[in-house]
Every structure is written in C-alpha cells, then in structure tokens.
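# Commentary on secondary and tertiary structure
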Amino acid sequence: VSCKAGESTLRVLDEGTGAPRDLRLEGSSGQTYRLGPDGQIYGMDHSGGGIRRWTREGKPLPFPETAADPKLKGRLASRPSGTTAWERDFCVDRAGGLYAKNRGKHYHGRMTVDRYDKDGKFLGTAIWVVSDGAMGPRLDPAGNLYIAESVKPVGEPYPEFFKGRLPATAID
C-alpha cells in the first residue's frame, strides 16, 4: 500500500511491521505511483519525466532498454495528455511488465496504451485508441486488460440507460 505524501514523497506501508515509511524519490515530483514485483516503485510524472523506477529503498533503478538514451536516461517515454495528472495512467504486471497510456499527436487528443517488458523494451500497442479522459489501464491476475472510458451520446448529458437511475441533480 502506498500514497503520495507531499511534492516528492511517497508513503509506503511495510507489510511485515505494519509501519509506514516515507521515501523521497530522486528526480520525481510523482504524480502517479505504482508498486511492482520485488517491492519496486514506479512513478509517472506529469511534466516531461516519463515513467521511472526505483528500488524498494527508493534508489533509482533505470530501465536497461533506455539507460543509454540521453533524452530518456533510463525512463520510459510517456507524455502528459493535458488533462492534469490523474488520467495519464499505467499499470505494472506481476512480472514487471508495464502498460502505459501515451499521448498521440494532439495535446488533448486520442491516446494509445503501449506495452513494455520489465527492462523497458517496447513490445507494441495493446489498445490503439482511448480518450485522454479514459481511466486505466489495469490488469487482473489472469492478464486481462481493463480501461474505463467516458462515453455518452452527442448532445446528451448521459446515456438513456441512466434515466431514472441518477440523483435528481441538475447536470449542465
């Protein structure tokens, strides 16, 4: 279990002792964090950072595939979508592979979900089109991939299915 606790601090629960510990992760303002296998920590930064990785002690752990790249410096390429921080998302599977949303040509445009192995090698695109507001990706233990996408009819506040099921609150 982890949560962001300040600008560059991640609070992690030690499952053995039940006590939380704070880590200052070098080079990260840490908009979104995930815990991976062997206690590794992954973080996706909103501005220019890409996805980074650290050991359970908070020491940088560059991805070998991009370690020699002068621009990426051991990170995975990921660009913010422009809708603040929470919708750019990624997940880590049980083997350390990653699925990450990546922005296309346009700042608030369509995105892809790309797949990388544990060393940061690009394996391909898993989902070709999601909106910049889609939530996820997430994986279940069987390896099934999930995305939550906001879909509504043009000119309507919500799909017909929800009529009579939502609270009586004005929706503008």
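Everything in this summary refers to the structure shown in the same document. Keep in mind that what you see is a predicted model, and the values were worked out from it rather than measured.

What counts, and at which threshold
- Residues numbered from 1 in each chain as written.
- Predicted model: local features only at pLDDT ≥ 70, side-chain atom pairs only at ≥ 80, totals over all residues.
- Heavy atoms only, no water.
- Pairing = 2+ DSSP bridges.
- Helix = DSSP H or I, 4+ residues; strand = E, 2+ residues; numbered from the N terminus.
- Axes fitted to C-alpha atoms, helices over the stretch in contact; angles between N-to-C directions.
- Buried < 20%, exposed > 50% of the residue type's maximum accessible area, 1.4 Å probe, protein only.
- Salt bridge = Lys/Arg side-chain N within 4 Å of Asp/Glu carboxyl O.

## Some thoughts on the sheet that holds strand 4 (residues 32-35)
Strand order in the open sheet made by the 3 strands is 4-5-6, with antiparallel pairing throughout. The open sheet has two edge strands with one neighbour each: strand 4 and strand 6 (50-54). Neighbour-to-neighbour, the strand axes of this sheet turn through a mean angle of 20 degrees, independent of strand direction. Bridge count for strand 5 (residues 41-45) against strand 6 is 5 bridges, and the pairing is antiparallel. From the neighbouring strand, Tyr42 faces strand 6, where its bridge partner is Arg53.

## Brief notes about the pairing of strand 3 (residues 20-24)
In the sheet, strand 2 (residues 9-13) pairs with strand 3 via 5 bridges, with the strands oriented antiparallel. Paired with Arg11 across the two strands is Asp22, which belongs to strand 3. What sits between strand 2 and strand 3 in their antiparallel hairpin is a turn of 6 residues, with Gly18 showing a positive phi close to 80 degrees.

## Describing the pairing of strand 9 (residues 111-116)
Two faces belong to every sheet, and in a regular strand the side chains alternate between them. Extensive coverage of strand 9 is indicated by the burial of 5 of its 6 residues. Here strand 9 folds back onto strand 10 (residues 122-130), and the loop between the two strands holds 5 residues, one of which, Gly120, carries a positive phi near 90 degrees.

## Let's talk about the pattern of salt bridges
Using the criterion set out here, one finds 5 salt bridges in the structure. Arg34 is the salt-bridge partner of Asp89, the closest N and O atoms lying 2.6 Å from each other. A residue pair is termed long-range when its members are at least 10 positions apart, and Asp89 in the loop between strand 6 and strand 7 (90-92) and Arg34 in strand 4 qualify at 55 residues. Take Arg34: its relative accessible area is 21%, and that puts it in the partly exposed class. With a closest N to O distance of 3.0 Å, Arg138 and Asp89 form a salt bridge. One end of the pair, Arg138, is in strand 11 (residues 135-139); the other, Asp89, is in the loop between strand 6 and strand 7, and 49 residues separate them in sequence. What makes Arg138 partly exposed here is its relative accessible area of 36%. One connected set of salt bridges, linked through shared partners, spans Arg34, Asp89 and Arg138.

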